Amino acid sequence: MAAEPEKTHIARELKHGQPLITCRFDPTGRFVFASSEDETIQRWDLQAAPSADPAHPKAVSFEGHNGWVYAVAITPDGQTLLSGSSDGQLAWWPAVEEVPRPLRMVSAHRGWLRSLAVRPDGKQAASCGNDAKVRLWSLDDGTCELELPGHSRPVYRVAYTPDGTSLLSADLLGLIIQWDVRSGKEARRFDAAKLHLYERGQAVDYGGVRDLALSHDGAHLAASGLINASNPLGAVSNPAVLIFDWNTGELKKLQHPKEDIKGVAWAVRFHPDGFAILASGGTGGGFLWFTRPAEDHEFFRFQLPNTVRDLDLHPDGIHIATAHHDGIVRLCAMKAKG
Amino acid sequence: MRCSYACNSPDHLLSRRQFLGNLGAGLGAAAGLGAGFAGFTAPAVSAELARNQRQVLVIWLAGGASQLETWDPKPKTDTGGPFRSIETSVPGIRISELLPKTAMQMHRLALLRSINTHEDDHGKGHYLMHTGRAQTPAAVYPHLGSVMARWLGDERNPLPGYIHITPGGGGKGSSEAAFLGPKYNPLYLGNGQAPANTADDPGLSPLGASGRQAVRMHLSDRFARRRRTAETEAYTTTYEQALKLMTRRDVFDVTKEPAADLERYGSHDFGRHCLLARRLLEAGTTFVQVTHSNYDTHNENFDFHLEQVGEFDQAFASLIDDLAARGLLQHTLVVVMSEFGRTPRINYLYGRDHWSKAWSICLAGAGIAPGNVVGKTNANGTEVVDREVGGGHLFHTYLRAVGLDPTESFEADGRVIQLADPAASAIDELLA
């Protein structure tokens, strides 16, 4: 079934009750995971029979972190869940167990672990954190295989290329580095500094790359974040995404909403059909917006009932999960209702 | 104590900084008269002044630092946020993990965790924390720096009694001294720079400068004999202060400090400003305030506190360590404060908002019992549950710590005014 973004609607709500941070589908599409400010990860089985209380579908809780869980990633076989928390711990979990307990905990970063990615072959994971480090981990034994130096400020995102030969890491200053994961050598840099601002009056750095995505045809790299941060401490900024030509590294577009919507583009995914899906949240509300790489603004925007902090695209290409401050995972469908 | 001529009219609200800012370049040549102050500016004399004086250092965390990300962490609660607490050099006292270097200075610090100032407005909170009184239209009270400069300052000191190092381009030019008179207003060092127009004018000879100063003093004396007011006195005092300042302009130059110290304090403005504060305190300045900006983190509180508190931790811990090593801490009261704290509840922007109901400050040095925690909040930091105090109590405590009697009264504008709010009293548990 082809996605119809203009018909996007909320198909289902999964309520946890505590503010959520991030969300991910498993590769089979059966489960959706969401991490919370209460230091847990919640797992919902989307194929399970409806519970007696539709507003509170049964979720399995992953408990063992001693900090907010900022990052969640799942291996391609769907069997292992990785999670990273604000105390720098990286955890391995049995993803589908009924009573999951951590298989392994590793002190991966000094302070806040911000992002995780699993290599497409399922043998390696990458992590990054506020300690400005990027580290590569063996998924088999949990050892650190490589440390990739190059960032000087907190690193916000890591993402593998689909062929698994390269890793991208992106930081607060808008520096994106492409690494050869075999040698650990830097291959090239992308300049996303348009997403960073040093606000002199408030004496703060703000912005940075909040998410990365590569288009399925290998033509584009998207880096999401914010622009126009006239008052960072007061959340006055506009969500934005930079579209780079993957082959040349050239910045092709700076996209932002047509209207003056305040917020941050926390997450971006490319759809197999070529358009990008962004989730933005902030004082202007929560939105999904849909853009095409060659255009300046969105071709469709969908308002959500609460601010958004993350999104993921279901393997079916139709459903989108969004994590919200009100403790709800919302499943939107890009198709007609009914 | 009597202040028989000071008034509160706008005509008299001339700050020292404003005056310095208006100085013509010609004044610079008057530095040639510096020999007349030489006896007061020698380092040995400054050291002697420092030994005999009580001094005060205020670190002002502008915007309202979060007590939960600094002095009163509540990890693993619904309000605790993502950061942990860590052990300190005092067993049993834990502070935020964002303060690892400060934690190692805990044996020299005291924490007050039970402040309820009932004031969530920036301006009013600022006033309350600097004057110890609620802001009302009925009266304007002097700020802590002006009070300390007035009652602790030594007129022989060539440096102003109240120096405020600001992160931006300067200060507000406001009348913080109120009825004490403009001579006790702060000298602002915008971004830690030396006051403008205080360098020698190479175009004016020492003899020429001397002659001009003699004429100026003659005219000024004649004018003052008939029309002495707070304003005319402020002009004279400030002019003389400026001349003294010119002889000690090097005090404002932190590049004269060892490169290793600059690195230890941090390669950022706040590090440089704290090093300048050390330099000013060593030179005998009575009251130094350093403002660190900005903590008003309604949005992404944790990222911004990571950044700001990281800067604070490095510079503050180095400064406390140095003040102790150099024998300055025992006679220098140190206070780290804001206009209020931040909400325990974390908002939808990962932010914390204004919160005056239950927050904390840090103290050290002269008159303070170190390694000490006074007051307590509940499990998730939403209420004070032990030893609730307000801004008036803090002001009393600062005065007591430096040996002043906060209940002493003086007269201004025909009114008898107690030094600190009569409705409050000192927090004895904080005092040595």
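The paragraphs below set out a description of the structure included in this document.

Thresholds applied
- Residues numbered from 1 in each chain as written.
- Chains lettered and ligands numbered in written order.
- Predicted model: local features only at pLDDT ≥ 70, side-chain atom pairs only at ≥ 80, totals over all residues.
- Heavy atoms only, no water.
- Helix = DSSP H or I, 4+ residues; strand = E, 2+ residues; numbered from the N terminus.
- Buried < 20%, exposed > 50% of the residue type's maximum accessible area, 1.4 Å probe, protein only.
- Contact = heavy atoms within 4.5 Å.
- Areas by Shrake-Rupley, 256 points an atom, 1.4 Å probe, with all protein chains shown as cover.
- Buried area = accessible area lost by both parts, 1.4 Å probe.
- Salt bridge = Lys/Arg side-chain N within 4 Å of Asp/Glu carboxyl O.
- Pairing = 2+ DSSP bridges.
- Axes fitted to C-alpha atoms, helices over the stretch in contact; angles between N-to-C directions.
- Core = buried A, V, L, I, M, F, W, Y, C linked by side-chain atoms within 4.5 Å.
- Polar contact = N/O pair within 3.5 Å; in protein donor to acceptor, adjacent residues only side chain to side chain.
- Expected span 1.5 Å × (residues − 1).
- Arc of directions from axis to C-beta.
- Phe/Tyr/Trp six-rings, centres within 6.5 Å; stacked < 30°, edge-to-face > 60°.
- Lys NZ or Arg CZ within 6 Å of the ring centre and 35° of its normal.

Description of the overall build of chain B
And step 1. Within chain B, the regular secondary structure consists of twelve helices and 17 strands.
And step 2. The burial tally for chain B puts 60% of its 432 residues in the buried class.
And step 3. Here the analysis covers contacts within chain B between residues at least 6 apart in sequence; of these, 76% occur between residues at least 24 apart.
And step 4. For chain B, the accessible area works out to roughly 15800 Å², and carbon and sulfur atoms hold 51% of it.

Topic: the interface of chain A and chain B
And step 1. In this complex, chain A contributes 34 residues to the contact, which on the side of chain B involves 23 residues.
And step 2. Interface area for chain A against chain B, summed over the two sides, is near 2300 Å², with a carbon-plus-sulfur share of 54%.
And step 3. The three residues of chain A that bury the most area against chain B are A:Trp68, A:Trp112 and A:Leu233, which together make up 26% of that side's buried surface.
And step 4. At the junction of chain A and chain B, the tally comes to four salt bridges.

Describing the sheet that holds strand β12 (residues 359-365) of chain B
Residues and elements named next belong to chain B.
And step 1. In space, the eight strands of this open sheet follow the order β7-β6-β8-β2-β9-β12-β5-β13, with mixed pairing throughout. Since the sheet does not close on itself, it has two edges, and those belong to β7 (187-190) and β13 (372-374), each with one partner. Each adjacent strand pair in this sheet contributes to an overall mean axis angle of 15 degrees, direction not counted.
And step 2. Pairing analysis gives six bridges linking strand β2 (residues 55-61) to strand β8 (residues 287-292), with the strands arranged parallel. Residue valine 58 lies in a different strand from β8, and its bridge partner there is glutamine 289.

Quick look at unusual backbone geometry
All names here are of chain B.
And step 1. With an omega of 5 degrees, the peptide bond between serine 293 and asparagine 294 qualifies as cis.
And step 2. By the secondary structure assignment, asparagine 294 is in the loop between β8 and α11 (301-325).
And step 3. Here the phi dihedral of histidine 118 falls at roughly 55 degrees; this positive angle occurs in a residue that is not glycine.
And step 4. With respect to the helices and strands, histidine 118 occurs in the loop between β5 (109-115) and α5 (122-131).

Considerations on the environment of A:Arg24
Residue and element names in this part refer to chain A.
And step 1. Looking at the secondary structure, you find arginine 24 in strand β2 (residues 20-25).
And step 2. Its relative accessible area of 15% is what places arginine 24 among the buried residues.
And step 3. The sequence separation of arginine 24 and alanine 187 amounts to 163 residues, and the corresponding C-alpha distance is 29 Å.
And step 4. Excluding anything up to four places from it in sequence, arginine 24 contacts Phe31, Val32, Phe33, Val72, Ile74, Arg157, Arg269, Asp310, Leu311 and Asp312.

Points about the nonpolar core
Residue and element names in this part refer to chain B.
And step 1. In this structure, Leu57, Ile59, Trp71, Leu280, Phe312 and Phe316 are the most contacted members of the largest nonpolar core, which totals 64 residues.
And step 2. The element that contributes the greatest number of residues to this core is α11, accounting for nine residues.
And step 3. If near-sequence neighbours (up to four positions away) are discounted, leucine 57 is found in contact with Ala277, Leu281, Val288, Val290, Leu319, Leu323, Thr332, Leu333, Val334 and Val335.
And step 4. Judged by nonpolar contacts, the second largest core, of 51 residues, contains Leu112, Val147, Val335 and Ile368.

Overview of the side chain of A:Gln42
All names here are of chain A.
And step 1. Position of glutamine 42 relative to the elements: it lies in strand β4 (residues 41-45).
And step 2. At a separation of 2.9 Å, a polar atom in the side chain of glutamine 42 contacts the side chain of threonine 40.
And step 3. Of note is the side chain of glutamine 42, whose polar atom sits 3.1 Å from the side chain of serine 61.
And step 4. Those residues within four positions of glutamine 42 in sequence are excluded, and the remaining contacts are His16, Val32, Phe33, Ala34, Ala59, Val60 and Ser61.

Regarding helix α7 (residues 206-226) of chain B
Note: α-helices contain 3.6 residues per turn, so residues at a spacing of three or four share the same orientation.
Residue and element names in this part refer to chain B.
And step 1. The first and last C-alpha atoms of α7 sit 31 Å apart over 21 residues, in line with the 30 Å expected at 1.5 Å per residue.
And step 2. Among the residues of α7, those classed as buried are Ala209, Gln213, Arg216 and Ser220. Here the buried residues of α7 occupy an arc of 70 degrees about the axis, which is enough to place them on one side. Along α7, exposed side chains directed more than 90 degrees from the buried face belong to Leu207, Arg225 and Arg226.

Thoughts on the packing of aromatic side chains
And step 1. Under the definition given, this model contains 24 aromatic pairs over all chains.
And step 2. Pairing A:Trp112 with B:Phe83 gives two aromatic rings, centres 5.6 Å apart and planes at 75 degrees, and the pair type is edge-to-face. Here A:Trp112 is found in the loop between β9 (104-107) and β10 (113-118), whereas its partner B:Phe83 is found in the loop between β2 and β3 (85-87) on a different chain. Here the two residues A:Trp112 and B:Phe83 agree in accessibility, since each one is buried.
And step 3. Members of the aromatic cluster, joined through ring pairs, are A:Trp68, A:Tyr70, A:Trp112, A:Trp266, B:Phe83, B:Phe302 and B:Tyr350.
And step 4. Taking the ring centre of A:Phe299 as reference, the NZ or CZ of A:Arg292 above it sits at 3.9 Å.
And step 5. Above the plane of the ring of B:Trp151 lies B:Arg150, whose end atom (NZ or CZ) is 4.6 Å from the centre.

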